[in-house]
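Letter by letter, the chains look like this.
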Amino acid sequence: MNLEKVIFGFFILLAATLNFGFFVGDIDNPAHHDIYELFAALVVSLIATVLKFGDRTQIGAVHLATSLVADLQLIAAAMVWGYAAHISGTGLTPAATANLVSLSGGALLANLVSVVILIAETIMQRR
């Protein structure tokens, strides 16, 4: 068993599951979406991105692209949250919550593509 591949797969799956955990719930209800879960999803996604830099294959390039998309979506979601909660005078409204949850949904889609690529790559690999 290759420990590097275990760690790589672990962070890819953890990024997807944390993102899914944040995404699930009523889209406009702030009580269903925890800021710490968004933060954890962003941090793990950034770690997964760093792990993807070493691969020089075409599949590695697609892995990196999906991870960068997820990172950008999660960073944008965190910025929407920060603006709504600390800069705007209205606080975290249902509309702002819907915006940031939609952005995390885009990141979730990118993470799911990355998981599918990981599974396909694993199935195609020969001993």
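Residues numbered from 1 in each chain as written. Predicted model: local features only at pLDDT ≥ 70, side-chain atom pairs only at ≥ 80, totals over all residues. Heavy atoms only, no water.

On the surface, a cluster of nonpolar side chains totalling about 800 Å² of accessible area is made up of Met1, Leu3, Val6, Ile7, Phe39, Val43, Ile47 and Leu51. Among the secondary structure elements, those contributing two or more residues to the nonpolar patch are helix 1 (3-23) and helix 2 (35-51). Within the fold, Leu3 resides in helix 1. According to the relative accessible area criterion, Leu3 is exposed, its value standing at 60%. (Patch = residues over 30% accessible without salt bridge, like charges linked within 9 Å, V, L, I, M, F, W, Y side chains within 5 Å. Areas by Shrake-Rupley, 256 points an atom, 1.4 Å probe, with all protein chains shown as cover. Salt bridge = Lys/Arg side-chain N within 4 Å of Asp/Glu carboxyl O. Helix = DSSP H or I, 4+ residues; strand = E, 2+ residues; numbered from the N terminus. Buried < 20%, exposed > 50% of the residue type's maximum accessible area, 1.4 Å probe, protein only.)

Counting residues in hydrophobic clusters, the biggest one holds 17 residues, and the most contacted among them are Phe22, Leu38, Val44, Leu74, Trp81 and Leu100. Counting residues per element, the ones that place at least two in this core are helix 1, helix 2, helix 3 (58-87) and helix 4 (94-124). No other element matches the 5 residues that helix 2 contributes to this core. Those residues in contact with Leu74 that lie beyond four places of it in its chain are Asn19, Leu38, Ala41, Leu42, Ser45, Ser104 and Ala107. (Core = buried A, V, L, I, M, F, W, Y, C linked by side-chain atoms within 4.5 Å. Contact = heavy atoms within 4.5 Å.)

With that settled, the discussion passes to the packing of aromatic side chains. One pass over the structure, following the stated rule, counts 2 aromatic pairs. Seen in terms of ring centroids, Phe10 and Phe11 are 5.2 Å apart; in terms of plane orientation they differ by 85 degrees. Their pairing is edge-to-face. Residues Phe22 and Trp81 carry aromatic rings whose centres are separated by 6.3 Å and whose planes lie at 50 degrees to one another, so their mutual orientation is tilted. Pair noted here: Phe22 is in helix 1 and Trp81 is in helix 3, with a separation of 59 residues, a long-range link. As far as burial versus exposure is concerned, Phe22 and Trp81 are alike and both buried. (Phe/Tyr/Trp six-rings, centres within 6.5 Å; stacked < 30°, edge-to-face > 60°.)

What follows is about helix 1. When the terminal C-alpha atoms of helix 1 are compared, their 30 Å separation across 21 residues agrees well with the 30 Å that a helix rising 1.5 Å per residue should span. Among the residues of helix 1, those classed as buried are Phe8, Gly9, Phe11, Ile12, Ala15, Ala16, Leu18, Asn19 and Phe22. Where helix 1 is buried, its residues contact helix 2, helix 3 and helix 4. Its side-chain oxygen placed 3.0 Å from the backbone nitrogen of Glu4, Asn2 serves as the N-cap of helix 1. Gly25 lies just past helix 1 and shows a positive phi near 130 degrees. (Expected span 1.5 Å × (residues − 1). Polar contact = N/O pair within 3.5 Å; in protein donor to acceptor, adjacent residues only side chain to side chain.)

Below, the discussion takes up the packing of helix 1 against helix 4. Between helix 1 and helix 4, the shortest axis-to-axis distance is 9 Å and the interhelical angle comes to 150 degrees. It follows from the interaxial angle that helix 1 and helix 4 lie roughly antiparallel. The crossing of helix 1 and helix 4 is left-handed. Residue-level contacts link Phe8, Gly9, Ile12, Leu13, Ala15, Ala16, Asn19, Phe20, Phe22 and Phe23 of helix 1 to Leu100, Val101, Ser104, Gly105, Ala107, Leu108, Asn111, Ser114, Val115 and Leu118 of helix 4. Partitioned by chemical class, the residues of the contact of helix 1 with helix 4 number 14 nonpolar, 6 polar and no charged. (Axes fitted to C-alpha atoms, helices over the stretch in contact; angles between N-to-C directions. Parallel < 35°, antiparallel > 145°, perpendicular 65-115°, else oblique. Left-handed = near helix turned anticlockwise from the far one by under 90°. Nonpolar A, V, L, I, M, F, W, Y, C, P; charged D, E, K, R; others polar.)

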